[in-house]
Structures are given as C-alpha cells and as structure tokens.
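Chain by chain, the residues:
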Amino acid sequence: MVLNCHRLSQMLLSFYERKGPEATVDMVLKICESQKIMSGLCACTAAGMFVHAKTYADTTSDKFALTSSAAAILGCFGMLLASMVGMHMSLLDASDRHEVGDYVGKFGAFVLMGFATDCLSIFLTMVSFVQVLWSSYSPLLAGIMSGLTAICWTMFFILYLASVQHIYNVRCRDWRLSDLEVREQLKDVHAA
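The shown structure was predicted, so the numbers you read here are calculated from the model rather than taken from an experiment. All chains use their own residue numbering, which begins from 1 and follows the written sequence. Predicted model: local features are reported for residues with pLDDT of at least 70 only, side-chain atom pairs are reported and counted for 80 or more only, and whole-chain, interface and lining totals are derived from all residues. Excluded from the side-chain calculations are hydrogens and water; all other atoms, namely the structure's heavy atoms, are used.

**Q** Quick question: what am I supposed to make of the nonpolar core here?
**A** When a protein is soluble and globular, its nonpolar side chains tend to lie buried together. Each nonpolar core is a collection of buried residues, namely Ala, Val, Leu, Ile, Met, Phe, Trp, Tyr and Cys, held together in the definition by side-chain atoms within 4.5 Å. Burial classes: relative accessible area under 20% of the type maximum marks a residue as buried, over 50% as exposed, and values in between as partly exposed (1.4 Å probe, protein chains only). In terms of nonpolar packing, the biggest core is built from 13 residues, with V28, V85, M89 and V100 touching the most fellow members. Counting residues in each nonpolar core, the second largest holds 5 residues, with A46, A71, A72 and L74 among its members.

**Q** Sorry, what's going on with helix α4 (residues 97-107) here?
**A** Because each turn of an α-helix spans 3.6 residues, side chains separated by three or four positions end up pointing in the same direction. Looking at α4, one finds that the buried residues are V100, G101, Y103, V104 and G105. The definition of a polar contact used here is a pair of N or O atoms within 3.5 Å, where within protein one atom must be able to donate a hydrogen and the other to accept one, and adjacent residues in sequence count solely through side-chain atom pairs. Put simply, DSSP H or I for four residues or longer makes a helix, DSSP E for two residues or longer makes a strand, and each gets a number counted from the N terminus. The backbone nitrogen of H98 has a side-chain oxygen 3.1 Å away, supplied by the residue at the start of α4, namely D96.

**Q** Would you explain the packing of aromatic side chains in this entry?
**A** Think of a pair of aromatic rings as described by two things: how far the centres are apart, and how the planes are tilted against each other in angle. Side-chain rings of Phe, Tyr and Trp (the six-membered ring for Trp) are treated as a pair once their centres are within 6.5 Å; stacked means planes under 30 degrees apart, edge-to-face means over 60, and tilted covers the remaining angles. Following the criterion strictly, the structure yields 6 aromatic pairs and no others. Ring centres of F156 and Y160 lie 6.1 Å apart, and the angle between their planes is 20 degrees; on these two criteria the pair is classed as stacked. Of the two residues, F156 and Y160 both sit in helix α6 (residues 139-171), 4 residues apart, roughly one turn of that helix. Accessibility expressed as a relative area gives 29% for F156, which makes it partly exposed. Each residue in the set F115, F123, W153, F156, F157 and Y160 is aromatic and connected to the rest through ring pairs, giving one cluster.

**Q** I'm lost on the side chain of T117 in this one. Help?
**A** Tracing the sequence through the fold places T117 in helix α5 (residues 109-136). Residues in contact with T117, not counting those within four places in the same chain, are L74, F77 and G78. The contact definition used throughout considers only heavy atoms, calling two residues in contact when any of these lie within 4.5 Å.

**Q** I would appreciate a short explanation of a nonpolar patch on the surface in the present structure.
**A** What goes into a patch is any residue over 30% in relative accessible area without a salt bridge, connected to like charges within 9 Å or, for nonpolar side chains (Val, Leu, Ile, Met, Phe, Trp, Tyr), within 5 Å. Here the accessible surface of atoms and residues is derived via Shrake-Rupley with a 1.4 Å probe, and residues count as covered only by protein chains that are part of the display. Think of a salt bridge as a Lys or Arg side-chain nitrogen and an Asp or Glu carboxyl oxygen that are within 4 Å of each other. Side chains of F77, L80 and M113 sit close together on the surface and give an oily, nonpolar patch of about 280 Å² of accessible area. When you line up the elements, F77 lands in helix α3 (residues 62-91).

**Q** Explain the confidence of the model for the protein to me, please; I cannot follow it from the model alone.
**A** pLDDT gives the predictor's per-residue confidence on a scale running from 0 to 100. Residues of the protein with pLDDT of at least 70 account for 79%, and the chain-wide mean is 79. Confidence scores differ between elements of the protein, with helix α7 (residues 179-191) showing the lowest mean pLDDT of 61 and α3 the highest of 86.

**Q** Sorry, what's going on with the pattern of salt bridges here?
**A** Opposite charge on two side chains permits them to pair, given that their charged atoms come into close proximity. Overall, the coordinates contain 2 salt bridges when judged by the stated rule. K30 is the partner of D26 in a salt bridge, and the nearest nitrogen-oxygen pair spans 3.3 Å. Of this pair, D26 and K30 both sit in helix α2 (residues 21-52), 4 residues apart, which is roughly one turn of that helix. Taking relative accessible area as the criterion, K30 reaches 54% and is therefore assigned exposed. K36 is paired through a salt bridge with E33; the nearest N and O atoms lie 2.9 Å apart. Of this pair, K36 and E33 both sit in helix α2, separated by 3 residues, roughly a single helical turn. Judged by relative accessible area, which is 25%, K36 ranks as partly exposed. Classification of E33 by relative accessible area gives partly exposed; the value is 43%.

**Q** Help me out: how do you make sense of the side chain of S39 in this one?
**A** Secondary-structure assignment places S39 in helix α2. According to the relative accessible area criterion, S39 is buried, its value standing at 1%. With near-sequence residues (within four places) excluded, S39 lies in contact with G75, G78, M79 and D118.

**Q** Just checking my understanding: could you explain the packing of α3 against α4 for this structure?
**A** For any two helices packed against each other, the geometry is given by the interaxial angle and the distance between the axes. Working convention: axes come from line fits to C-alpha atoms, limited for helices to the stretch in contact. Angles between N-to-C directions cover 0 to 180 degrees. Interaxial distance between α3 and α4 falls to 10 Å at its minimum, and their mutual angle equals 165 degrees. In terms of orientation, α3 lies roughly antiparallel with respect to α4. Pair α3 / α4 crosses with right-handed handedness. Between α3 and α4, the contacting residues are M84, V85, H88, M89 and L91 on the first element and E99, Y103 and V104 on the second. A class-by-class count of the residues in the contact of α3 with α4 yields 6 nonpolar, 1 polar and 1 charged. We call two directions roughly parallel when the angle between them is under 35 degrees, roughly antiparallel when it is over 145, roughly perpendicular when it lies between 65 and 115, and oblique otherwise. Less than a right angle of anticlockwise turn of the near helix away from the far helix marks a crossing as left-handed, whereas a clockwise turn marks it as right-handed. In this classification, the charged set is Asp, Glu, Lys and Arg, the nonpolar set is Ala, Val, Leu, Ile, Met, Phe, Trp, Tyr, Cys and Pro, and all remaining amino acids, among them Gly, are polar.

Structure below.
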C-alpha cells in the first residue's frame, strides 16, 4: 500500500481533528526540520561529488555528472520545500483551528513531496557512489557494494511500506475517511 497525497491529507486532517491545531503545527514543524537536515546533508554531499568530478578520471563521465548534479538539485529542492512549509506553518496562528486546518488541507501534500525528493536525492547519491566503484575498483568490490546498496534500499522500502501500513491500518482507523467526508471537512474549514 503506497501512501499517496490524498491519504496524506486525510492523515494530517485526522491528526488535526484529534490533536488540535497547536499539536499539528508542532508535528509539521518537526517533520520539516528533519527534512531540512536530511536534504542539506544529501545536497552538500552530492554537490561536493559533482564539483570533485572533474578532478579524477574515474568521475569524469556524463553519467556521474548527471546523477550527482540531479541529487544535489533534488536535495536543494527538498530543503526549499521543507523550509517553505516550516516557515509558513510558523507564521500561522497555531490556536486558530480554521487557519491551521485550511493550510493543512491545501498544502499538506508538500510534506510528502519533500520526503519524496529527499529519497530520490539519496538514491541518486548512492548511484553516483556505485558508478565510481564500478569504474575505479575491482569488480568483486564493486559487486559487493552494489549488492549491499540494493539490500539496503530493499530493506528501506519494505520497512517504509510496513510502517505506513501499520499506521494507516492499525493505529488510525479514523483516517479512513471517504472522499466525500474529506471534501466536507475542507468545505467546513473554508466556510468558517
């Protein structure tokens, strides 16, 4: 079960309904801080790799330049998204239910978008490392490290999907709102 933008909006609205606007603002700000750290680290690593690429023969290929520069751009974009959402959430009146609910309903998907860009940036950074391994080191070492990378990503996705499924199915049954219920809640928030 993949978490999509609609489900994320449902989860944020449900959290908002259960915990209130102050807790929702606090949660989103914590998520944004984590995303900024992750994005910043990945963007700096990838940018350093890209700048370093012309120095040594094993990193001068166009493939390496593409993956490392794309990782840096996505890391910066993820950091920009997290900063934007965090800044805007901190400007809201956390005690105003309608203000917070309206923002969460309209812009909650940006939290998921920031996470997705961070994951893609990290993945492309790892691809850049693997490219260097295959071009500079023995095939045995490159194969072992490529296998380790594949195992790590497989474990990440399995754990991520299991975690989302657990949260969605077991802990938060009230998040299973129909599309009509979500629209009604958003209309109520917009009407007030």
